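Coordinate inspection notes
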Amino acid sequence: MTALNPAKLRNHTLISCLILFIVLLPWIPLGHSSNYLLRILTTAILYMILALGLNIVPGFTGLLDLGYVGFYGIGAYTSALLTIHYDLSLWVILPLAALNGALWGVLLGLPTLRLTGDYFAIVTFGFSELVVLVLRNELWLTRGPMGLPGIPAPSIFGHTLVHEWEFYYLILFLLLIVLFAVTRLEDSRLGRAWFAIREDEIAAQCCGINLIRYKVTAFAISASIGAMGGAFYARWFLFIHPDMFKFWESILILCLIVFGGMGSIAGTMLGALILIPLSEILRIVLPQELFNARYLVYGFILVLMMRLRPEGLIPFERSRAAKALKTKKRIGSATGKEAV
Amino acid sequence: MKKLGLFLVMWMMFIGSASAEVIKIPVAGAFTGPLASFGEGIKNAALLKAEEINAAGGIHGKKVVIVLEDDLCDPREAATIATKLANDPDISIVIGHLCSSSSLAALPIYKGARIPAISPASTNVNLGKMSPYYFRDVYRDDFQGLFLAKYAKEARGLKKVAIFYEMNDYSMGLMLAFEEKAKKLGIRIIGKEAYTADTTDFKPQLTKFKMMKPDAIFIPGYAPQGTLIVSQAKDLGIKNTIFFGADGLDDDLMVKNPDAEGLFVTTPFLPDKAGPRAAGFIKAYREKYGKDPNWFAANTYDALGMAVAAIEAVGQDRDKIRNYLASINSKETAYKGVTGSTYFDENGDCLKDAFVKEIREGKWVSSEKQLQ
Amino acid sequence: MENLLEQSSLFLQQLVNGITLGGVYALIAVGYTMVYGVIQLINFAHGEIYMLGAFLAYSMVTFLGLPFFLAFALTIPVCAIIGIILDFIAYRPLRNAPRLAALITAIGMSIFLQNLALMIWGSQIKSYPRNILPKVFSEPALIFGEVSISWLQVFILSVTIFCMIFLHLVIHKTRIGAAMRAVSQDKTTAALMGISVNRVISFTFAIGSAMGGLAGVLVGLYYNAIFPTMGYVAGVKAFAAAVLGGIGSVPGAILGGGVLGIAEVMGAGYISSEYRDGISYAVMIGVILFKPSGLIGRKIGEKV
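Residues numbered from 1 in each chain as written. Chains lettered and ligands numbered in written order. Predicted model: local features only at pLDDT ≥ 70, side-chain atom pairs only at ≥ 80, totals over all residues.

On to the overall build of chain B, then. When helices and strands are tallied, chain B shows 13 helices and 14 strands. Taken over C-alpha atoms, the radius of gyration comes to 21 Å for chain B, in line with the 21 Å a tight globule of 372 residues would show. Split into buried and exposed, the 372 residues of chain B put 61% on the buried side. Taking the intrachain contacts of chain B between residues at least 6 apart in sequence as the baseline, contacts between residues at least 24 apart amount to 69%. (Helix = DSSP H or I, 4+ residues; strand = E, 2+ residues; numbered from the N terminus. Rg over C-alpha atoms; globule rule 2.2 N^0.38 Å. Buried ≥ 20, exposed ≤ 12 C-beta atoms within 10 Å, placed from the backbone. Contact = placed C-beta atoms within 7 Å.)

In structure tokens, the structure reads:
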């Protein structure tokens, strides 16, 4: 179609190199710090997955979910408890956790998604706080503040995962699954309906989009991805505790997608890749007292991004789906309908 | 010292070569954050002990370097630190962690990497059992709770006790142990209320207690909340009630609070009841830091002493050190340090004596009545 | 088995505790509701102003050696100014931006301020040294049998009532108050009538923040615990109170604050102390879902 664009070519080469580097990382001899680095990257990729999940709600439907960590926590505890009590395989647990997350997404979403943006944000926030409270207090279920230590690691074909690089490849694999799902969604009828809702709810309604149905679906899918991330987390960290699922996590994940670009998949991933290792760098560079306040940086990033570049590093507008949407708009205006 | 440690770790990370002329021993605990005052004793004692060892020539000529690892008593930080340490081939033993929840999080990682750890402060009941690589030179919460119940009954004659505990491993473990023994001894538990680490308003529950008129209120929690509880109790007009707690209340915050007058706690270490070996330690600590060592400091001093003895005897092999520590298992083979004789049982736990001290006019004094 | 007298004493004492707490929530809630009224923004950072008020008074007393009441009086205008600055640098530039952007900015500022306080003052809980506070505060003022009301509680209640009356007078008897009411009804028309909307908004922030900061000083005194994350929980609860009363309505915020404070204390005392915070969240969610206009507020329709 268009002539070969040198800038595009350079971008693609860059991205391919990056991907190659990421995939081959465990084989690069980095001496004794390699496990530490792998752990950081595993964390970054886990957050990529979480961010992709969260991205669906504000990114694709324009609503702000402040309670995302609730689903993360539900997934983690589902995974941990099922493993501890029933010794299920990770491959059974992942879909179960996803389903549980989706269930809660529907339960929470149905009554709340008809609210306006502000109220919705607050209610989701209240939800995640209640989840933490339940996790902390229902000792018979979750052992409360004593946490769940000693969660068995997952095993693949009989081999129990022990090394960091094994978990690394596992999370990469999960990322691929989630990426596939999300990109397909972006391009699907579901995705286009979501974008329509994001652009203008009322116009979308007039076009016959059943708002509640699509919103709840988005919310449920977002929740299930969050829960899946949690399921992995429990069986990687091998110890979970209610305090790991507080509101800060929701803010952190929100920061990743705001920084990277709300609605844009590439942006979300880039956001995670930059900001999560940033935390470790801060730990090394800052004295401990300042490191404890590192969320200051994340708060600052949120404010700064909204002020200077609210569309994020890789804006949604550059993504394929956005281009498809614009095409539709142009066609719409050509036929005389008002472009929204 | 910390900056030096930081620099060494960084250097190690980026060059990837093993440094040869020093022996690094990490000390993990909360050195900043709300529980930092507990970590202070640990830090001070570790640095003091290292200084003394280096002054005496180090371990076979190599200097001991203390690397402080701050886990903020947060299980996630603890796990991150544990991974870092476990992957560092120069580290063969860890002194830590401070809080039981941190120890629980770090434990599987140390176990996987077969690196031994001695905790000077984690009292949770399960730790020793969960790993052959985890030792501690502080007593367990079930022992502490038991002791407190006996002391409450026999030395103080308390009959009606209310318990105000925090929702965490430490506090709940202690509470359960106390309750069980107290019931057997005939002490009535007239009320139990819970709070979380970020609670600051204790008045509703204290009001409930006030109406029940307890002889004593047991606070198996940490000092930041303990100090608020006693003050708010005073505000509510609660009188004729003794407060008591355990090692978690052993902190300046309590002692400096005039409303805590008469409060007593169990402690593994009392400077005036400690043996002659302790006198030198107490004097050196006072000279260097201007205050008396608390039990965190004393336990850390001994834990480090044991670690150094192990390295001296068998070198820097992780498994060999672990086995050496496990061989300290009887009165004869015990490590004789400032906290008395320390030896481990088959789980890596140790049973030490407990003492009682109380607050009189802004200072800790040993209680007249002790249980021995 | 406790007898009836003991039971009613317990109830009354808890009621006193609840009303005191309710007064504090009302002071904070009023700030939320006024700002929401004029710019339809949930000022997430409002809780942090409350926290800063507590820290400022504490610092003035312990580091500058000022007497408590002077510190108390000085904190109020300082917090008002902080509120104005907050609006100016964070919210005003986004006045015409989508709501989502403003909400995210508010959250970002909240996080930023919390951690800034953490950096400045550290995470250890701060308490006023006992000898600095006026001795009279610890004494009980009124005693009915087992029920005692301390002077401190009386002080808090009086300040709260005074503020409410003051606020009422400002809103209903002054020009700027009328301007506030106009802007919250219809911003565009108010501007057309010659009202400087930005000035009114700044003023709203000033008053709201002043009250929030004041509440912070009072709470810091009452529990004698001051720490950087205190604004977070109190902020949520006060917001729940504002929603309960009807967001945008000042009398609603006051009522909501009182109800929530009493409900929380009663819940903690009688039902479950572990789920104490959950009461606020549950109330908030319940009100939003079933009666979004709250107890007093008006219905908010969606304009097409």
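Following the structure, the description resumes.
Attention now goes to the domain arrangement of chain B. All names here are of chain B. Per the domain assignment, the segments making up chain B are domain 1 (2-139 + 274-342) and domain 2 (142-267). Contributions of two or more residues to the side of domain 1 that touches domain 2 are made by helix H2 (36-55) and helix H4 (100-113). Counting residues per element, the side of domain 1 that touches domain 2 draws most heavily on H4, at 3 residues. Taken together, the residues of the side of domain 1 that touches domain 2 sort by class into 7 nonpolar, 6 polar and no charged. (Domains from an automatic or database assignment. Nonpolar A, V, L, I, M, F, W, Y, C, P; charged D, E, K, R; others polar.)

Taken together, the 26 residues of chain C in the interface contact 24 residues of chain B. If one sorts the elements of the side of chain C that touches chain B by residue count, helix H1 (residues 4-39) of chain C sits on top with 6 residues. Considered class by class, the residues forming the side of chain C that touches chain B number 8 nonpolar, 13 polar and 5 charged.

This part is about the packing of helix H11 (residues 247-260) of chain A against helix H12 (residues 265-285) of chain A. The relative placement of two packed helices is expressed as an angle between their axes plus a distance between the axes. Residues and elements named next belong to chain A. Put simply, H11 and H12 touch, their axes get as near as 7 Å, and they point 120° apart. Viewed along their axes, H11 and H12 adopt a mutual orientation that is oblique. Between H11 and H12 lies a crossing whose hand is right-handed. Contacts from Cys-255, Leu-256, Ile-257, Phe-259 and Gly-260 in H11 reach Gly-267, Thr-268, Met-269, Leu-270, Gly-271, Ala-272 and Leu-275 in H12. Residues of the contact of H11 with H12, tallied by class, amount to 8 nonpolar, 4 polar and no charged. (Axes fitted to C-alpha atoms, helices over the stretch in contact; angles between N-to-C directions. Parallel < 35°, antiparallel > 145°, perpendicular 65-115°, else oblique. Left-handed = near helix turned anticlockwise from the far one by under 90°.)

Attention shifts here to the sheet that holds strand E9 (residues 242-245) of chain B. All names here are of chain B. Reading across from one edge, E7-E6-E8-E9-E10-E13-E14 is the order of the 7 strands in this open sheet, with mixed pairing throughout. In this open sheet, the two edge strands, each paired with only one partner strand, are strand E7 (188-195) and strand E14 (363-366). Across the sheet, the mean angle from the axis of one strand to that of its neighbour is 25°, orientation sign disregarded. Alignment of strand E10 (residues 264-267) against strand E13 (residues 355-360), held across 4 bridges, turns out to be antiparallel. Its bridge partner lying in E13, Phe-264 is registered against Glu-358. Across the sheet, helix H6 (residues 141-154) touches strand E6 (160-166), strand E8 (216-219), E10 and E13, and the angle it forms with E10 is around 135°. (Pairing = 2+ DSSP bridges.)

Relative to the helices and strands, B:Met167 resides in the loop between E6 and helix H7 (169-185). The sequence separation of B:Met167 and B:Ala197 amounts to 30 residues, and the corresponding C-alpha distance is 7.6 Å. Among all residues touching B:Met167, those that are not within four sequence positions of it are A:Arg136, A:Gly144, A:Pro145, B:Met172, B:Ala194, B:Thr196 and C:Glu274.

We now examine the environment of B:Leu146. Residue and element names in this part refer to chain B. Mapping Leu-146 onto the fold places it in helix H6. Along the primary structure Leu-146 and Asn-347 are separated by 201 residues, whereas in three dimensions their C-alpha atoms are 19 Å apart. Contact partners of Leu-146, with chain neighbours within four places excluded, come to Ala-177 and Lys-181.

Looking now at the interface of chain C and chain A. Taken together, the 31 residues of chain C in the interface contact 33 residues of chain A. Listed by contribution, the elements that provide at least two residues to the side of chain C that touches chain A are helix H4 (99-121) and helix H11 (276-290) of chain C. For the side of chain C that touches chain A, the element with the highest residue contribution is H4(C), accounting for 15 residues. Each residue belonging to the side of chain C that touches chain A can be placed in one class, and the counts come to 23 nonpolar, 5 polar and 3 charged.

So, about the pairing of strand E2 (residues 63-70) of chain B. Residue and element names in this part refer to chain B. A large share of E2 lies buried, amounting to 7 of its 8 residues. Judged from the 8 bridges that link them, strand E1 (residues 22-29) and E2 form a sheet pairing that is parallel. Residue pairing in the sheet places Lys-24 in a bridge with Val-65 of E2. Considered for its hand, the β-α-β crossover made up of E1, H2 and E2 is right-handed. (Right-handed = clockwise from strand over helix to strand, strands pointing away.)

Residues and elements named next belong to chain B. In this model, Gly-96 is joined to His-97 through a cis peptide bond whose omega is 0°. Residue position: His-97 is located in the loop between strand E3 (94-95) and H4. Within the chain, His-60 stands out as a residue other than glycine whose phi angle is a positive 50°. Relative to the elements of secondary structure, His-60 occurs in the loop between H2 and E2. For His-60, a count of 9 C-beta atoms within 10 Å corresponds to the exposed category. A positive phi angle, near 50°, is found at Glu-361, a position not held by glycine. Topologically, Glu-361 is positioned in the loop between E13 and E14.

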